[in-house]
Amino acid sequence: MRFKEDYDGTTVNEIEFNHEGLKIKKVAKGHQKLSSFLKEVFLPEGYPNSVSRDYLTYQFWDTLQELCSTLNGTLASHAIFQGMGVGNSKASALGATYTWLMKDGTGMISNILFAWSKGTLLDIDAKRWRLFADVLNDIAMFLDLLSPLAPPYLFTFAMCCTSVFRSLVGVAGGCTRATIKQHQAQCNNMADVSAKDGSQEKLSGLLGLVLSMTLINIISVSPLITWATFSLLTVLHLYFNYRACSCLVMKSLNPTRYKVLLEHWFREGSVLTPEQVNCKEPFILGHRGIQKRIVIGASLEDLDVSRSRMMSELGTNESRYIIYSFNDEMRVCLRSGSNHRDQIEAYHLAYMAALQSSDSTIFLPNTDQKSKYQTFLSEMSQEGWDLSFSPLGASQLRYSPV
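Residues numbered from 1 in each chain as written. Predicted model: local features only at pLDDT ≥ 70, side-chain atom pairs only at ≥ 80, totals over all residues. Heavy atoms only, no water.

Student: Where do I start with the overall build of the protein in this structure?
Tutor: Across its full length, the protein holds 12 helices and seven strands. Expressed as a percentage of the 402 residues in the protein, the buried residues total 44%. Counting contacts in the protein only where the partners sit at least 6 residues apart, residues at least 24 apart contribute 75% of the total. Split by element, the accessible area of the protein, about 22,000 Å² in all, is 59% carbon and sulfur. (Helix = DSSP H or I, 4+ residues; strand = E, 2+ residues; numbered from the N terminus. Buried < 20%, exposed > 50% of the residue type's maximum accessible area, 1.4 Å probe, protein only. Contact = heavy atoms within 4.5 Å. Areas by Shrake-Rupley, 256 points an atom, 1.4 Å probe, with all protein chains shown as cover.)

In structure tokens:
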């Protein structure tokens, strides 16, 4: 009786049981063993079936941008040390310490404030904030390069500014990276995906360190070479980041992707696939299709209920949401007990109401609208959209009759 053993799709052993006992034949060759070893070290277990289809493409561009960032970081560190007086006999260690403490303090404060004000938006627009973080990181490095040219009384201020930028980079970059890893992990293996991403990042960092040793010798020749190198690396860094974000195919609905989807649905009568929507997603500037902004989880306080008919509708309607128009916004008030599916439905009908040239203040869904929505929902599921969660930016405000 004979058996074969496969590991991650590759046959590694052939095992035979006979009257002489057990016989094992090693099938995997040297290059196959090396390939399997590298896959084990740098790719998640079960790749490619355990990750999203865009995993390898994204990681390729992400690794390249990380390498450029490492090299630019070398240039920035070199400039900071010059500005703090390394190699200057007149420089004070106490002054450098105060500068470093003030830099860290401003960074910590800005970290807290940014996480408080923008934390919920990072899940909604992961691509946009990911790119924002890298642009801000390049700006911080640009200021680092300028810092040695600043007079002593401005150097500390410049260091505090770069610390603020880097703290925002840390929050935005770290949180959006977690969102992307969650998207990539297809088998509840987010820890493994994150760990292997860290290994790839460290490998890129090691390569960057080796190249940095050569780079330091080159830039020490002339400031012009330093700025030319920085400019080239910055352009490449931004390009690689844009390619990385562009290749992501998110299957959840955020406001931008949902508007692209709805615009096509109302115009063509068909539902686009996640791949098609992500290709059209304007993640840098956002969608400009309709003029009115849709707000999920709004308050009833600005609702015009001057007519008794509308008061009656509000009191007797069993819908889990109410849509009303206020200035340049379509506001959706969510009833207590509503869930994310209700939010998807409300967003759809709010978009529909925004397209109508109606003077009505309150929009309550009717039977025909709900029927069309159910058709739309069914087609979305068939096209592969993930409706288990939808980061549409809903607040936690809910209303209930008393």
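Student: Explain the packing of aromatic side chains here, please?
Tutor: Inspection of every chain in the model, using the stated rule, returns 17 aromatic pairs. On the basis of an interplanar angle of 35° and a centroid distance of 5.7 Å, the ring pair of W61 and F240 is categorised as tilted. Here F240 lies in helix α7 (residues 223-246) and W61 lies in helix α2 (residues 55-83), a separation of 179 residues in the sequence. This pair shows no difference in class: W61 is buried, exactly as F240 is. With a centroid separation of 4.9 Å and 80° between ring planes, the pair formed by W129 and F132 is classed as edge-to-face. Here F132 and W129 lie together in helix α4 (residues 126-146), a separation of three residues that amounts to about one turn. Since its relative accessible area comes to 30%, F132 is described here as partly exposed. Ring-pair connections join several aromatic residues into one group, and the members of that group are Y258, W265, Y347, Y373 and F376. (Phe/Tyr/Trp six-rings, centres within 6.5 Å; stacked < 30°, edge-to-face > 60°.)

Student: So what exactly am I meant to see when it comes to empty space enclosed by the protein here?
Tutor: Overall, the coordinates contain one cavity of 30 Å³ or more when judged by the stated rule. Of the voids in this model, the largest cavity is the one considered here, and its volume is about 40 Å³. Taken together, Q59, D62, T63, E66, R177, D197, Q200, E201 and S204 form the lining of the largest cavity. Those elements that provide at least two residues to the lining of the largest cavity are α2 and α6 (190-219). The residue makeup of the lining of the largest cavity, split by class, is no nonpolar, four polar and five charged. (1 Å grid on protein atoms, 1.4 Å probe; cavity = no way out; pocket = protein on both sides within 12 Å on 5 of 7 lines; lining within 4 Å. Points joined across faces, edges and corners; volume = space filled by probe spheres on them. Nonpolar A, V, L, I, M, F, W, Y, C, P; charged D, E, K, R; others polar.)

Student: Even after reading the chapter, I still don't get the packing of helix α8 (residues 255-268) against helix α12 (residues 367-382), so can you show me in this structure?
Tutor: Across the interface, α8 lies against α12 with an axial gap of 13 Å and an inter-helix angle of 115°. The hand of the α8/α12 crossing is right-handed. For the pair formed by α8 and α12, the contact residues are Y258, L261, L262 and W265 on the first element and K372, Y373, T375, F376, E379 and M380 on the second. Here the residues of the contact of α8 with α12 are counted per class, giving seven nonpolar, one polar and two charged. (Axes fitted to C-alpha atoms, helices over the stretch in contact; angles between N-to-C directions. Left-handed = near helix turned anticlockwise from the far one by under 90°.)

Student: What is the right way to read the side chain of S167 from this model?
Tutor: For S167, the location among the structural elements is in helix α5 (residues 152-184). Judged by its relative accessible area of 8%, S167 is buried.

Student: What exactly am I supposed to notice about unusual backbone geometry here?
Tutor: Where the residue is not glycine, phi is negative for most of them; where a peptide bond is considered, it is trans in most cases. Residue P48 is bonded to the preceding Y47 through a cis peptide linkage, with omega at 10°. Position of P48 relative to the elements: it lies in the loop between α1 (30-42) and α2. Of note in this structure, N188 is not a glycine but carries a positive phi near 55°. Residue placement: N188 occurs in the loop between α5 and α6.

Student: Before we go on, may I ask you to explain the environment of M330 in this structure?
Tutor: Position of M330 relative to the elements: it lies in strand β6 (residues 329-334). C-alpha separation for the pair M330 and Y351, spaced 21 residues apart in sequence, amounts to 8.0 Å. Residues contacting M330, with those up to four places away along its chain left out, are K292, R293, I294, V295, I323, Y324, S325, A350, A353, A354 and F363.

Student: Sorry, what's going on with the nonpolar core here?
Tutor: Proteins that are soluble and globular tend to have nonpolar side chains buried together. Grouped together as the largest cluster of nonpolar side chains are 32 residues, with contacts concentrated most on Y258, L261, V332 and F376. For this core, the elements supplying multiple residues, two or more each, are α8, β4 (293-296), β5 (321-326), β6, α11 (340-355) and α12. Per-element tally for this core: the top contributor is α11, with eight residues. Within the second largest apolar cluster, 20 residues are counted, among which are L75, M141, I180 and L215. (Core = buried A, V, L, I, M, F, W, Y, C linked by side-chain atoms within 4.5 Å.)

Student: For this particular structure, what's the right way to read the layout of surface pockets?
Tutor: Regions of empty space are outlined by a rolling probe, equal in size to a water molecule, passed over the atoms. Of the voids in this model, the second largest pocket is the one considered here, and its volume is about 500 Å³. Together, 27 residues line the second largest pocket, and H183, V249, M250, K251 and S252 are the ones closest to its centre. Breaking the lining of the second largest pocket down by element, the ones donating at least two residues are α3 (93-124), α4 and α5. Among the residues making up the lining of the second largest pocket, the classes are represented as nine nonpolar, seven polar and 11 charged.

Student: Hey, could you run me through the pattern of salt bridges in this one?
Tutor: Close approach of charged atoms allows side chains with opposite charge to pair. This structure, assessed with the given rule, holds 17 salt bridges. Here K370 ties to E345 by a salt bridge, and the two come within 3.5 Å at their closest N and O atoms. With K370 in helix α12 and E345 in helix α11, this residue pair connects regions lying 25 residues apart in the sequence. (Salt bridge = Lys/Arg side-chain N within 4 Å of Asp/Glu carboxyl O.)

Student: Would you explain the sheet that holds β5 in this entry?
Tutor: Either a parallel or an antiparallel arrangement is found when strands of a sheet pair, and the pairing is made through backbone hydrogen bonds. The four strands lie next to each other as β4-β6-β5-β7, forming an open sheet whose pairing is mixed. What marks the edges here is a single partner per strand, and that holds for β4 and β7 (362-363). Taken together, the six bridges between β5 and β6 define a ladder with antiparallel strand orientation. For I323, the partnering residue across the bridge sits in β6 and is V332. Against the sheet, α11 touches β4, β5, β6 and β7, its axis set at about 35° to β5. (Pairing = 2+ DSSP bridges.)

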